[in-house]
Structure formats: structure tokens, C-alpha cells
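# Report on the structure
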Amino acid sequence: MDELTDLATLEEEAFAALRGAESEDALNDWFSRYLGRKGTVTLAVRRVGSLPKEARPAYGQAVNQLHQRLEAALTERQKDVKRAALKAEMVETTFDPTLPGRRPEVGHVHLSNQTLREIYAIFQQMGFQVYDGPEVESDAYNFELLNIPAGHPARDMWDTFYTTTPGYLLRTHTSPGQIWAMREYAPEPIRVILPGKCFRYEQVTARSEMMFYQVEGLVVGKNITMADLKGTIVAFVRQMFGQERKLRFRFSHFPFTEPSVEVDMDCVLCGGKGCRVCKHTGWLEIMGAGMVHPVVLRNGGYDPERFSGFAFGMGPERIAMLKHGIDDIRYFFSNDVRFLSQF
Ligand code: DAH
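Below, the structure is looked at part by part. (Residues numbered from 1 in each chain as written. Predicted model: local features only at pLDDT ≥ 70, side-chain atom pairs only at ≥ 80, totals over all residues. Heavy atoms only, no water.)

### Looking at the pattern of salt bridges
Pairs can form between side chains of opposite charge once their charged atoms are near each other. We apply this condition: The term salt bridge refers to a side-chain nitrogen of Lys or Arg lying within 4 Å of a carboxyl oxygen of Asp or Glu. Secondary structure elements are defined from DSSP: runs of H or I of at least 4 residues count as helices, runs of E of at least 2 residues count as strands, and each element is numbered from the N terminus.
Taken as a whole and judged by the stated rule, the model has 14 salt bridges. One salt bridge in this structure joins arginine 250 and aspartate 264, with 2.7 Å as the shortest N-O distance. With arginine 250 in strand S6 (residues 247-254) and aspartate 264 in strand S7 (residues 257-266), this pair connects stretches of sequence that are 14 residues apart. Via salt bridges that share partners, Arg248, Arg250, Asp264 and Glu285 belong to a single interconnected network.

### Let's talk about the packing of aromatic side chains
Threshold: Aromatic pairs are defined between Phe, Tyr and Trp rings, using the six-membered ring for Trp, whenever the two ring centres lie within 6.5 Å; interplanar angles under 30 degrees are classed as stacked, those over 60 as edge-to-face, and all others as tilted.
Enumeration according to the criterion identifies 16 aromatic pairs in this entry. Within the aromatic cluster, the residues linked to one another by ring pairs are Tyr213, Tyr331, Phe332, Phe333, Phe339 and Phe343.

### Some details on the site of the ligand
Here is the rule: Residues are counted as near a molecule or strand when any one of their heavy atoms sits within 4 Å of it. Each polar contact in these results corresponds to two N or O atoms within 3.5 Å; when the atoms are within protein, one needs to be able to donate a hydrogen and the other to accept it, and residues that are neighboring in sequence are counted only if both atoms are side-chain atoms. For the area figures, the Shrake-Rupley method with a 1.4 Å probe applies, and any residue is considered shielded solely by the protein chains shown. Each residue is assigned to one of three groups, with Ala, Val, Leu, Ile, Met, Phe, Trp, Tyr, Cys and Pro labelled nonpolar, Asp, Glu, Lys and Arg labelled charged, and all others, Gly among them, labelled polar.
Near the ligand, the surroundings consist of 16 residues, among which His173, Ser175, Arg200, Gln214 and Glu216 are the closest. Between the ligand and serine 175, the relevant distance is 2.9 Å, taken from a nitrogen atom to a side-chain nitrogen or oxygen of the residue. Contacts to the ligand include glutamine 214, whose side-chain N or O atom sits 2.9 Å from an oxygen atom. For the ligand, whose unbound accessible area comes to 360 Å², protein coverage reaches 93%. Within the residue set of the shell around the ligand, elements represented by two or more residues are strand S5 (211-221), strand S8 (283-292) and strand S9 (308-314). Taken together, the residues of the shell around the ligand break down into 6 nonpolar, 8 polar and 2 charged.

### A closer look at the sheet that holds S9
The cut-off we apply is this: Following DSSP output, two strands are said to pair if at least two bridges run between them. The criterion used for residue contact is that any of the two residues' heavy atoms lie within 4.5 Å. Every axis corresponds to a line fitted to the C-alpha atoms, with the helix fit spanning only the stretch in contact, and the corresponding angles, defined between N-to-C directions, vary from 0 to 180 degrees.
What the 7 strands build is an open sheet, ordered S1-S4-S5-S9-S8-S7-S6; its pairing is mixed. Strands with a single pairing partner mark the edges of an open sheet, and in this sheet they are strand S1 (129-130) and S6. Pairing between strand S4 (residues 190-199) and S5: 10 bridges, direction antiparallel. Each residue of the ladder has a partner; that of glycine 196, found in S5, is glutamine 214. Contacts from helix H7 (residues 176-185) reach S1, S4, S5, S8 and S9 within the one sheet, and its direction differs from that of S4 by about 145°.

### Structural notes on the side chain of serine 138
We count it as follows: Residue burial is assigned from relative accessible area. The probe radius is 1.4 Å, only protein chains are included, and a residue is buried under 20% of its type maximum, exposed over 50%, and partly exposed in between.
Within the secondary structure, serine 138 is located in strand S2 (residues 136-138). The exposure class of serine 138 is buried, given its relative accessible area of 13%. Beyond its immediate chain neighbours, meaning those up to four positions away, serine 138 contacts Gly167 and Tyr168.

Structure below.
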């Protein structure tokens, strides 16, 4: 029974070596030495074939069991070594598992959209619906039907980007939505706001962008007067900027309204005394408005003898600039998180 004695010696030696292996590298060496292709235990397993027939069963069983015990012991030892290494690392480094995790950056609604939502909420209370119009418009809707024929000097105010399809352009204002809404609802009364992007081909400055939002308003019905226009706008401005706001309606001209006005409110910063923001006038211009021109009413499908209406148009970026004291419209779409995250 020599070979069984050999096995007992081998077992003792292998277990002692395993206990002494204290790193992953040492465990790998140990594996090659005992269980690898030329390892001593592997060779001992192969030895079965060279033994006399009657010695084989006892030896075979013993050597296989030893092989299994060593494999199981290796797995255990590997876990211990890993755990010890991790423990050492935690002690040596300054890693503090009790610190709170890092919060992922969460985005939020863009300032233009926040302002749009405030505007929607105020007009919703007054019974206005939101109506969408297309951003790519025909010359007819953007100009002609709004009483701005080709060659009209007012077109100079609204140079835009033209598409490769003749007669189609990026809308310069949300006013063409008035025609869409009227043609859909005529001869029913209308109370809508039309928000959306507008485009202008012009020099980008602190006060003007190539792309910006507008919110148009349109009310059409019987006996709609300038008093309705004023009441609606005063109610809106005071909810947006504070109940103490004073408003001023100045004569102006837009081809699609008659009469036309420009609406100013007393400066939110200086309260009307005059400062840098209001350019020392005490007033801030916030929107254009007027009574819908009879030609526009007719183009929308309403008989101007029986129907009247008012309209207005404002820029939510400008409203947000006044509300938050922002001095450059280019911040809105230059995508700088340092700006955007402030709102
Ligand atoms: N569409 C005009 C613009 O972009 C703004 C405007 C003025 C709209 C008067 C109106 C209005 O509806 O009545 O400059």
C-alpha cells in the first residue's frame, strides 16, 4: 500500500502549501504545482493505470477524492484571499462607504418653455385654447393673407429663410396661425393663443435671434372691441408681472390690424423712474396688438360687417428677460448649462 502512503504525504503537503498561499499569484502557482496539467495530484491520478489490477479501486477512489477535496479547498481559499485583499484596500485607501452616492444630473424644462407654460396657464383661465400652426409657411399665409402684399414696405421688417420650394419660407411670426385658426373655425367665435418658433434672417445681437418663440393671441366674435383687447392684455400682464403694473397703449402700425397699438408696461426694475433696462424711459415694450383688419377677417372667412376681433403678439424670451433681468437673448439657445441651470 505504498501508493496510499504517498497520497497521504501529498495531501498533507498540498494543504500546507495552500494555507501558505496569500495572493492570487501564489494561488495560481499552487494550482499549476498540484492540479495543473503536470501537477503532482494530476500525475497521481494518472498513476492508476500503472498499478496492479487489485490495487486500482482503492487507490483510484482515494486519489479522486483527494483531487475533489483540493479543488474545493482552492475555491474557498480564493474567496478568502479576495476578501482579505478588499479589506486591505479599504483600510489603506480613504474610501468611505458611508458617503452618499453621486447624484446624476437631472435636466429640467427650458426657460422658454417654462415661460410658455406660464403664459398658457394665464390665458387658459380666460378661456383661451392653444392652437398650433406650421413653422414652414407659404408666402400667402405669412404675408399676403395678413394684408402684406409683395412689395409692401412692411416686408422689410420680416426678412426670413426661404425654402427651395418657391413660395415657401420659415414663418417670421406666429400671425399666419390666425388665418389657419379662422379658416378652421369660421363662422364660430374664436379665442386662441398660437405659440411657436419663428425665424428671421437678421444679424444676431443681444436683442435679436435668428430663431425665437412668439405667442400670438386671437379673439374673433360679435361685438369684440378695443376694450376687450385692453382688458385681456391688462389681466395677462398683471398676472405675469405683478398686480401693481401700469400699462400704456401707444399708437402703432401693423398691416394686419387697424387700429394697431404697441403695449408698454412700467419698468419692472425701476418702477418707472428710469434706468438702464428701460433706457431711462420708465417703460418696457412687451407686445404688439390691434383690432383684426377687415381684410384679414375676410381672408379668414368672417364677414367684417358682422364680426370683429383683436390680436396680439409677444415674445416669451423677451418676457422672460424682463422677468428675470436677462440682458442677452443669445443665452437662450446657446445651450450653456451655467445659464440654463439658473432657471
Ligand atoms: N406679428 C408681429 C411681429 O412679429 C407681432 C404682432 C403685432 C402680432 C400685432 C399681432 C398683432 O397679432 O396684432 O412683429
